[in-house]
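Here is what each chain is made of, one letter per residue.
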Amino acid sequence: MPRLPTDPALYFDAHFFVCTNRRPDGHPRGSCAGSGSEKLRDYAKARAKELGIRGLRVNGAACLDRCELGPTMVIYPEGIWYHARTVEDIDEILLTHLKGGGRVDRLMLQPDQKSL
């Protein structure tokens, strides 16, 4: 959806949402929190600050409904979805996508993707 000329200025340039939804252990769909997403979210927040990435808000999110691919995250305004398991993956997303304006193809999720 395009922004209108009458829209107020953006408060943040980008939002990095990390799913931190937790389901019971053994749930057939799994959960991002059960796969370590809370630690990754906390790391992303601290690391983005260390890297001086301005205009970015790193947030935890309730279920993003891609549990089988977790931990999952999405960056707006681009709407690019990623899967990350390690702090090195987070570093690559922060440096390549959010600081450099590129994409991390190896971690990117496709809209119709159902498994890794």
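The preceding data block contains the structure.
Residues numbered from 1 in each chain as written. Predicted model: local features only at pLDDT ≥ 70, side-chain atom pairs only at ≥ 80, totals over all residues. Heavy atoms only, no water.

A. Region of interest: helix α2 (residues 87-99). Looking only at α2, the buried set comprises D89, I90, D91, I93, L94, H97 and L98. Packed against the buried residues of α2 are β1 (14-19), α1 (37-51), β2 (56-61), β3 (72-76) and β4 (80-83). (Buried < 20%, exposed > 50% of the residue type's maximum accessible area, 1.4 Å probe, protein only. Helix = DSSP H or I, 4+ residues; strand = E, 2+ residues; numbered from the N terminus. Contact = heavy atoms within 4.5 Å.)

B. Spatial organisation of the pairing of β2. For β1 and β2, the ladder comprises six bridges, and the chain directions are parallel. In the sheet register, A14 faces β2, and the bridge partner there is L56. Regarding topology, α1 serves as the crossover connection from β1 to the parallel β2, and that connection is right-handed. (Pairing = 2+ DSSP bridges. Right-handed = clockwise from strand over helix to strand, strands pointing away.)

C. Quick peek at the packing of α1 against α2. Where α1 meets α2, the axes come as close as 10 Å, and the angle between the chain directions of the two elements is 45°. Viewed along their axes, α1 and α2 adopt a mutual orientation that is oblique. Viewed along their axes, α1 and α2 form a crossing whose handedness is right-handed. Every residue of α2 that contacts α1 at L40, Y43, A44, R47, A48 and L51 is listed here: V87, I90, D91, L94, L95 and K99. (Axes fitted to C-alpha atoms, helices over the stretch in contact; angles between N-to-C directions. Parallel < 35°, antiparallel > 145°, perpendicular 65-115°, else oblique. Left-handed = near helix turned anticlockwise from the far one by under 90°.)

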